[in-house]
Amino acid sequence: MTVAPCIDPSLPARPLSPGECRDCLLRRHEGRLAYSTGRGPRCVVVNYAVHDDEIVLRVPEFNEICQYAPGCEVCLVIDEMLDADSEWVEVTASGVASVVDHCEHTSTERDDLDEVWPSGVTASTLRVPIAQLLGVVQETHA
């Protein structure tokens, strides 16, 4: 699955290096997860963490991400304004999602996925090894 950056072709833009993309991923903890369903593509806002070279996120079992994402390529898209709203940055990380044991991806050093879920709601932990990392920065006005 590929999600194209939302850039304005009339404004100057440059690609981000892999290091710049990773820095942007590490600064943020919320993004849009794009995945395919039997009814077409979907995009859902999720909380995430970056552990080594993978993205880890928790989703409640009732969310259709749990049905469609495992074993399929997904994209996490993050964007942000930089430099007093003069630059727009968008980063897309993609890879094949899998369900993993939550305890393998959390510890006292890595408590960035500790979310409080209502009583009775179970959640799955998804792991997305970063297979492709693309980013672009664009001036918001010429």
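Residues numbered from 1 in each chain as written. Predicted model: local features only at pLDDT ≥ 70, side-chain atom pairs only at ≥ 80, totals over all residues. Heavy atoms only, no water.

**Q** Would you mind going over unusual backbone geometry with me for this structure?
**A** Only a minority of non-glycine residues have a phi that is not negative, and only a minority of peptide bonds are not trans. For Asp52, which is not glycine, the phi dihedral falls at a positive 55 degrees. Relative to the helices and strands, Asp52 resides in the loop between strand 4 (49–51) and strand 5 (54–60). (Helix = DSSP H or I, 4+ residues; strand = E, 2+ residues; numbered from the N terminus.)

**Q** Help me understand the environment of Thr92 in this model?
**A** With respect to the element layout, Thr92 can be found in strand 7 (residues 87–96). On the accessibility criterion, Thr92 (9% relative accessible area) is buried. A sequence separation of 71 residues divides Thr92 from Cys21, and the C-alpha atoms of the two residues are 8.3 Å apart. (Buried < 20%, exposed > 50% of the residue type's maximum accessible area, 1.4 Å probe, protein only.)

**Q** Just to check I follow, could you spell out the pattern of salt bridges for this structure?
**A** The full count for this structure, using the stated rule, is seven salt bridges. We note a salt bridge from Arg14 to Glu20, for which the minimum N-O separation is 3.1 Å. A residue is classified by how much of its surface remains accessible, and Arg14, at 41% relative accessible area, is partly exposed. Residue Glu20 is classed as partly exposed on the basis of its relative accessible area of 30%. Notably, a salt bridge pairs Arg39 with Glu64, separated by 2.6 Å at the nearest N-O pair. Residue Arg39 is located in the loop between strand 2 (30–37) and strand 3 (40–47), and its partner Glu64 is located in the loop between strand 5 and helix 2 (65–68); the two are separated by 25 residues in the primary sequence. Take Glu64: its relative accessible area is 19%, and that puts it in the buried class. Taken together, the salt bridges that share partners define one network made up of Arg39, Arg42 and Glu64. (Salt bridge = Lys/Arg side-chain N within 4 Å of Asp/Glu carboxyl O.)

**Q** Can you help me understand the side chain of Glu80 in this one?
**A** Residue placement: Glu80 occurs in strand 6 (residues 73–82). Given a relative accessible area of 11%, Glu80 falls into the buried group. Separated by 2.5 Å, the side chains of Glu80 and Arg27 make a polar contact. Residues within four places of Glu80 in sequence aside, it is in contact with Cys24, Arg27, Arg28, Glu87, Trp88 and Val89. (Polar contact = N/O pair within 3.5 Å; in protein donor to acceptor, adjacent residues only side chain to side chain. Contact = heavy atoms within 4.5 Å.)

Keep in mind that these numbers describe shape and distance, not what the molecule does.
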